[in-house]
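Below, each chain spelled out in residue letters.
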Amino acid sequence: MPRVEFKDYYKVMGVARDATEAQIKQAYRKLARKYHPDVSKEPDAEARFKEVGEAYEVLRSPEKRAAYDRLGSGPRPGEDFRPPPDWGSGFEFSGAGPGAGESSADYSDFFEALFGRAAGGRAGRPGFETGRGEDHHAKVLLDLEATLTGGARSFTLRVPEIDAEGRIVAKERVLNVQVPKGILPGQTIRLAGQGAQPHGEGKAGDLYIEVEFQPHPLFRIDGRDLYLELPVTPWEAALGATVKTPTPTGTLVELKIPAGSHAGSKLRLRGRGIPSSPPGDFYVVLQIALPPATDEKAKAAYRAFANTVPFNPRANLGV
C-alpha cells in the first residue's frame, strides 16, 4: 500500500475513542451545521465539511470503526502512514468489496488506502430491492502452502455490531473454506449464501473472501512468481559451483551456479512458482556472503587476496 497522510478521525470529530454511537452522531450534526459550505463563513468550510463527512463515514460504521481502531492512535495527524500488511484482515464488511462499484464521494487517499474507492456510501445489494440479502466481503491472510497445495482452511471473522448502549461489540464466526490451488494475492473466493440475510423472504447474500498472503521467512511472492535470496561464497560465484537450495514445495534441489555470477544474478526454475494457469516460475537471486575476518588467519587471507587480485569496485564512479 502507498504511504499516505494519517488522519485521526476521533480528533476530527472532537470525540473520545470510546464515544457512543449517539455521541458521534451528535458531534457530526454540530460540525456539519458549522462547516456546511452553503451557510458557513469559515474560510476552509468546504475542506472541513468533507473531512468531517469522511470521519463520520468511518466512525458511524461498526465495521469500519472496529477495523480503524486496530490501527491504534497511529502517528500524529499529518504524518506519513503506511497501513500494515494485515490491515483489515479478519473483519467482515458490508458490500461486495473495494472495486465492486464506484463511489462519487470525495474521500482522502488515507480513506481509500484503508477502505477502497468504492467503500464510501455504497451499501451493496439490499434485500428489499432484489429479494436477496446484502453481499459481504472480508480479507484473510493465507500461508504460502495454501496456494501451493490448495485444500480446506478454517477462518475466524469478526463481525462488529452496536450494542444496546451504542458501543461496538465484536461477534465471531468460523468458516471452513476450500482454498483453490494456485489462487493469487488479490483474488477472491465466493461463498454463496454466507452474506447477510434478507429483510423479508429471499436468499441470503454472498460472502466474498479476498486473499492475501502472510510474509514467508524464505520466499517472496510477486504475482505468480516466487523469489528466494540465496547466499553464496565469493569463490562459488566467481568459479561456479553446484549448491543445494530449498524450494517452495519443501524439497532440496541441486542448483548449478554459473562461473562469473555476481550479487543479484537470477537463476530461473521454470514452472516451480505458484501452480496457477499458467504456472509461475521460481527465481533464485544470488547474494554474496563474505566470510568474517574475526581472527588473524582470516585477516591474513584477505590481505593476500587483496594483493593477488587487485580490484576496484568503484572504478566506474571515477574514484
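If you're wondering where the values come from, they're calculated on a predicted model, not measured in any experiment. Every chain is numbered independently, its residues counted from 1 as its sequence is written. Where local features are concerned, this predicted model is filtered to residues with pLDDT of at least 70; where side-chain atom pairs are given and counted, the filter is 80 or more; whole-chain, interface and lining totals use all residues. Side-chain figures throughout are based on the complete set of non-hydrogen atoms in the structure, without hydrogens or water.

Opposite charge on two side chains allows them to pair when their charged atoms are near. The salt bridge criterion pairs a side-chain nitrogen of Lys or Arg with a carboxyl oxygen of Asp or Glu, the two atoms within 4 Å. Applying the stated criterion across every chain, the model contains 13 salt bridges. Close ionic contact of Arg153 with Asp143 constitutes a salt bridge, the shortest N to O distance being 3.7 Å. In this pair, Arg153 sits in strand E5 (residues 151-162) while Asp143 sits in the loop between strand E4 (136-142) and helix H7 (144-149), placing the two residues ten residues apart along the sequence. Exposed residues in this analysis have more than 50% of their type's maximum accessible area, buried residues have under 20%, and partly exposed residues fall in between, with area computed by a 1.4 Å probe over protein chains only. Classification of Arg153 by relative accessible area gives partly exposed; the value is 22%. Assessed through its relative accessible area of 33%, Asp143 is described here as partly exposed. Overlapping salt bridges, with partners in common, bring together Arg132, Asp135, Arg190 and Asp206 in one network. In DSSP terms, a helix is any run of H or I states spanning at least four residues, a strand is any run of E spanning at least two, and both are numbered starting from the N terminus.

Next up on the list: the pairing of strand E8 (residues 207-213). Residues Leu207, Ile209, Val211 and Phe213 line the buried face of E8, whereas the alternating positions Tyr208, Glu210 and Glu212 sit on a face that is not buried. Bridge count between E4 and E8: seven bridges; the pairing is parallel. Within the sheet, the bridge partner assigned to Lys139 lies in E8 and is Glu210. In the sheet, strand E7 (residues 188-191) pairs with E8 via four bridges, with the strands oriented antiparallel. Strand pairing is defined by DSSP finding a minimum of two bridges between the two strands.

What follows concerns the side chain of Asp281. Along the chain, the position of Asp281 falls in the loop between strand E13 (266-269) and strand E14 (282-288). In protein, a polar contact means a hydrogen-donor-capable atom and an acceptor-capable atom, both N or O and within 3.5 Å, with residues adjacent in sequence counting only if both atoms are side-chain atoms; elsewhere, any N or O pair within 3.5 Å suffices. Side-chain polar atoms of Asp281 contact the backbone nitrogen of Gly271, separated by 2.8 Å. Filtering out sequence-adjacent residues up to four positions away, Asp281 remains in contact with Arg224, Asp225, Leu226, Arg268, Leu269, Arg270, Gly271, Arg272 and Gly273. Contact criterion: two residues are considered in contact whenever any of their non-hydrogen atoms come within 4.5 Å of each other.

Across the chain, the average pLDDT comes to 86, with 88% of residues at 70 or higher. The pLDDT score gives, residue by residue, the confidence of the prediction method on a 0 to 100 scale. Below a pLDDT of 50 lies the segment residues 117-128, which in the model reaches 35 contacts outside its immediate sequence neighbourhood of four places, other chains included.

A few words on unusual backbone geometry. Residue Pro278 is reached from Ser277 by a cis peptide bond, and omega for that bond is 0°. Inspection of the secondary structure puts Pro278 in the loop between E13 and E14.

In this section: the sheet that holds E8. The sheet built from four strands is open, its strands ordered E3-E4-E8-E7 with mixed pairing. At either margin of the open sheet sits one strand with a lone partner, and together these are strand E3 (92-94) and E7. The mean angle between the axes of side-by-side strands here comes to 25°, regardless of whether they run parallel or antiparallel. Pairing geometry for E3 and E4, over three bridges, is antiparallel. Among the inter-strand pairings, Ser94 is bridged to a residue of E4, identified as His136. In this analysis an axis means a line fitted to C-alpha atoms, helices contributing only their contacting stretch, and an angle means the value between N-to-C directions, from 0 to 180 degrees.

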